[in-house]
Amino acid sequence: MILTRGRRERLLWPGAALLAGLAVALPLLALPLPATHDGLHHLFRLFQLDETLRGWHLYPRLFPDMGFGYGYPVLNYYSPLSYYVAWVATAFGSGYIGGIRVAHTVGLLLGGLTMYAWVCQSLPRPAALLAAVAYSAFPYRVADVYVRGALAESLAFVFPPLILWLGTLLVRRRQARWATALALTAAGFILTHNLTAFMFAPVIAGFLLLEAGCPSATARRAYLGLAVAALLGLALSAFFWLPALRETQYVLAGQVGEQADVASQLQPLREWFSPFVLHRYFPEQGVGAQHPFGLVQAALALTGLAAIVLRRRSLPLSARRLLWFAFAVTLATTLLLLPLSSAAWESLPLLPYLQFPWRLQAVLTLSTAVLAAANVLWLTAERPRELLVALASSAVVVAGLAGLALEPARMPGHEEPLREADVSQQGLVEYDFQTALWLREHGGEWLLEYLPRWALAHRSDFFLPAPAAEQPPAQLAVERVTVHSHRPLAEDLTVILGSPGPLVWHRFYFPGWRVTVDGRAAEARPEGPLGLLAVDLPAGEHRVQLRYGLTSAATVGALLSLLGLAVTVGLAAVARSRLPWPLLGVAALGLALVAGRAHAYPTTQNPSAIDATLGESLRLVAYQAEQQGAQLEVTLYWLALQSPDQDYRVFVHAVGDDGEMLAQHDGQPGLEFSPTTRWVAGELMVDRHYLALPPGPVTLYAGMYTLPEVTNLPVRQDGHEVPDGRVLVGRWSAP
């Protein structure tokens, strides 16, 4: 196929925008994953998403193993889409670390491309390219990837210019197909990062209303199309934002806005400008603001503003509208960073939920990128314009990247760079501990923010041994517990009790948990100082099933989203838009990937029953052994007959046929962070241990012992006393 000169031009400029995004992503792709503020947060959330998807929980609002195994409702409050983008790469074989890399790279590539598409509606192609490069490489955009590691916000950079581009097409062409595309994009923005969507909402609304013009018969059609798209976008994403808003009261995250100290973070204007041409990033930024303007960014914005002033009479209306709007946004947003705006931060009710004023640099990245594009107006000849764009683009990329001081990401307490094998259950607990340790040493109301409010233990203490009990522990009259199946967010049990009592799961209670007893819904409730999930059972034998379902707010949100989807599909059909078909293909591909991962790496356990009592407080009721890479994962299911009065340590021994100890693991339950003094009567605890075994058959034993005087708890298994205090778990043959 021979490309005409015009077609080559149309492909060359957006291709250059993609290359600029790729240049910014190059250190991420070529070097070890960098150490960032939030990188491990997102990496282990991706790990948990994969585990729950493999258990066929397609939208897991709760990650079951986060929070030291008690479970956090992360995706009930945090926008989920960025993790699904990373997960698709993981499912295709990139691994978890590769999935994070791919998601950031997608954000950089598509962010620059959509910025080019939007600006190109009003300015020449060279100017649109310069705006795209600036949007991809200005310091705050780079910091999101390489300093903060803010996956969701990084991917959210795709959406503001995309929405502005689609909104401009809707206003100018007034075709229903653009309204459907705009609605889906608006929903995607909310589902990627709700705080960024909140920040950009007035900017997007202001520009599109300005683009629509003064009220008239023609403008009213544009207003109607924009209103329909906005309402449909809200409806499509209601399954997420409605319960997130309604149920914030249930977790500590609801206190973040109440406790945010914004005034102390507002800085004088001089502290918002970097003194370095090659931008240096936090903590070496050289000024009081954590994320200041880059020097090249400020220079290009100011010279662009001068070009707007001097060339304003020669500009078409659409260009003047875009450029002056960018200046107004830059001015207004910059004022919000200064101490004189403290009254606004105190009086506007939702503003403190941004937590950090420097988040507004995301808005300023877009507006100053548009101002930077105005530098093209200084020249009128085509060749000098192209040379100017090439030089300015190179300066922006070099200034944004050359000052980076990248260090490889590491697990807490480890010297070697992060490996794919570190992204595991053990790694997840290490990450949780690092978060809690930071909280204990430095504070931070945004840490462990998904703990439920009914967990009475302080969020920096709940994983530590409990204070001594003042009352004698209650005894649970359980005769037997049989674990039929265990999945990340579901469990099927048979429980036999000699008298009425509670069954408690080692999970924080949250209203989404659903319990059925003998096929009938039972009321779940919080139990004990940690507010654990519990249900009261009458005496006798009962089939108990647990699953995570929808709260009333989530149900209403899901119904609104289904209604919005139906209207959007209907509108697309009327407009003869082909948009639903690619989306249907994406959904089918997603289900196929879930099925493949679930088949290759199942997460459902069907453990073998054990009947062993340890001391007076504990019973081992089931176990499962599974090979996990080079290690054997042994999962023990403990039942607390009463709350133990001291902290016991668990051992798992692998003994060869000749009686030789071939491997062992000792530690507190819950990979060291679920001390037995935190257990309550009736609590069922799932406890993982990992052994490095040589090839061949072994016999597995387990038990508990006291410290500092090492004494195994007495064991009675299958009605018989066991002299050495070791429970015979089962046989295993390592490959």
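Residues numbered from 1 in each chain as written. Predicted model: local features only at pLDDT ≥ 70, side-chain atom pairs only at ≥ 80, totals over all residues. Heavy atoms only, no water.

If you tally the helices and strands in the protein, you get 21 helices and 19 strands. In terms of overall size, the protein behaves like a compact globule, its C-alpha atoms giving a radius of gyration of 29 Å where 735 residues would be expected to give roughly 27 Å. Burial analysis of the protein (735 residues in total) assigns 56% to the buried set. Considering only contacts in the protein between residues 6 or more positions apart, those separated by 24 or more positions represent 73%. (Helix = DSSP H or I, 4+ residues; strand = E, 2+ residues; numbered from the N terminus. Rg over C-alpha atoms; globule rule 2.2 N^0.38 Å. Buried < 20%, exposed > 50% of the residue type's maximum accessible area, 1.4 Å probe, protein only. Contact = heavy atoms within 4.5 Å.)

Below, the discussion takes up the nonpolar core. Core analysis: the largest hydrophobic core is formed by 194 residues, its most contacted members being Met115 and Phe462. Sort the elements by how many residues they give to this core and helix α4 (residues 81-119) lands first, with 13 residues. Residues contacting Phe462, with those up to four places away along its chain left out, are Gly67, Phe68, Tyr70, Tyr72, Leu448, Leu451, Ala457, Phe508, Leu530 and Arg678. In terms of nonpolar packing, the next biggest core, distinct from the first, is built from 31 residues, Ala625, Ala654, Trp679 and Leu693 among them. (Core = buried A, V, L, I, M, F, W, Y, C linked by side-chain atoms within 4.5 Å.)

Here we take up the sheet that holds strand β11 (residues 631-640). One open sheet holds the nine strands; their spatial order is β6-β7-β3-β14-β11-β10-β9-β17-β18, and the pairing between them is mixed. Of all the strands in the sheet, just β6 (524-527) and β18 (720-722) have a single pairing partner and so form its edges. With strand direction ignored, the average angle separating the axes of adjacent strands in the sheet is 35 degrees. (Pairing = 2+ DSSP bridges. Axes fitted to C-alpha atoms, helices over the stretch in contact; angles between N-to-C directions.)

Now for the pattern of salt bridges. Think of it this way: side chains of opposite charge can pair up when their charged atoms draw near. For the structure on display, the rule yields 20 salt bridges. Note that Arg688 and Glu633 form a salt bridge whose closest N and O atoms lie 3.7 Å from each other. Taken as a pair, Arg688 in strand β14 (residues 683-691) and Glu633 in strand β11 lie far apart in primary sequence, 55 residues in all. Accessibility classification places Arg688 together with Glu633 in one group, the buried group. Each of the salt bridges in this network shares a partner with another, and the network as a whole consists of Asp144, Arg148, Glu153 and Arg359. (Salt bridge = Lys/Arg side-chain N within 4 Å of Asp/Glu carboxyl O.)

Evaluation of the coordinates by the stated rule reveals 25 aromatic pairs. Look at Trp454 and Tyr509: their rings are 5.4 Å apart centre to centre, the planes differ by 55 degrees, and that puts the pair in the tilted class. Within this pair, whereas Trp454 is found in the loop between α19 (425-442) and β1 (478-487), its partner Tyr509 is found in the loop between β3 (501-508) and β4 (513-517), the two being separated by 55 residues in sequence. One aromatic cluster is present, built from ring pairs that chain together Tyr72, Tyr77, Tyr250, Tyr450, Trp454, Tyr509 and Phe510. (Phe/Tyr/Trp six-rings, centres within 6.5 Å; stacked < 30°, edge-to-face > 60°.)

Below, the discussion takes up a nonpolar patch on the surface. The grouping of Val309, Leu310, Trp324, Trp378 and Leu379 at the surface amounts to a nonpolar patch, some 430 Å² of accessible area in total. Tracing the chain through its elements places Val309 in helix α14 (residues 295-311). In this structure Val309 comes out as partly exposed when scored by relative accessible area, which is 34%. (Patch = residues over 30% accessible without salt bridge, like charges linked within 9 Å, V, L, I, M, F, W, Y side chains within 5 Å. Areas by Shrake-Rupley, 256 points an atom, 1.4 Å probe, with all protein chains shown as cover.)

Here Thr330 is to be found in helix α15 (residues 317-335). Residue classification places Thr330 among the buried positions, given a relative accessible area of 13%. Residues in contact with Thr330, not counting those within four places in the same chain, are Leu364, Ser367, Thr368 and Leu371.

Where strand β12 (residues 649-655) meets strand β13 (residues 661-667), six bridges bridge the pair, whose relative direction is antiparallel. Note on β13: the bridge partner recorded for Val650 is Gly667. A loop of five residues connects β12 with β13, the two strands running antiparallel in sequence, and Gly659 in this loop sits at a positive phi of about 90 degrees.

With 23 residues, helix α20 (residues 552-574) extends 33 Å between its outermost C-alpha atoms, agreeing within 8% with the 33 Å of an ideal straight helix rising 1.5 Å per residue. Listed as buried for α20 are Ala553, Ala554, Gly557, Ser561, Gly564, Thr568 and Ala572. Arg576 lies just past α20 and shows a positive phi near 55 degrees. (Expected span 1.5 Å × (residues − 1).)

Strand order in the open sheet formed by five strands is β1-β2-β8-β4-β5, with antiparallel pairing between adjacent strands. Each edge of the open sheet is held by one strand with a lone partner, namely β1 and β5 (520-522). Each neighbouring strand pair of the sheet contributes to a mean axis angle of 25 degrees, computed without reference to strand direction. Sheet topology note: the strand β2 (residues 490-497)/strand β8 (residues 540-548) ladder contains eight bridges and is antiparallel. Paired with Thr494 across the bridge in β8 is Arg543.

Attention now moves to the environment of Pro526. Turning to its location among the elements, Pro526 is positioned in strand β6. Measuring from C-alpha to C-alpha, the distance between Pro526 and Phe510 comes to 8.0 Å, with 16 residues separating the pair along the chain. Setting aside its immediate chain neighbours within four residues, Pro526 contacts Trp454, Tyr509, Gly531 and Leu532.

Further remarks concern the side chain of Thr52. With respect to the helices, strands and loops of the structure, Thr52 is situated in helix α2 (residues 39-53). Relative accessible area serves as the criterion here: at 0%, Thr52 is assigned to the buried category. Setting aside its immediate chain neighbours within four residues, Thr52 contacts His57, Pro60, Leu62, Phe63, Pro64, Pro488 and Leu489.

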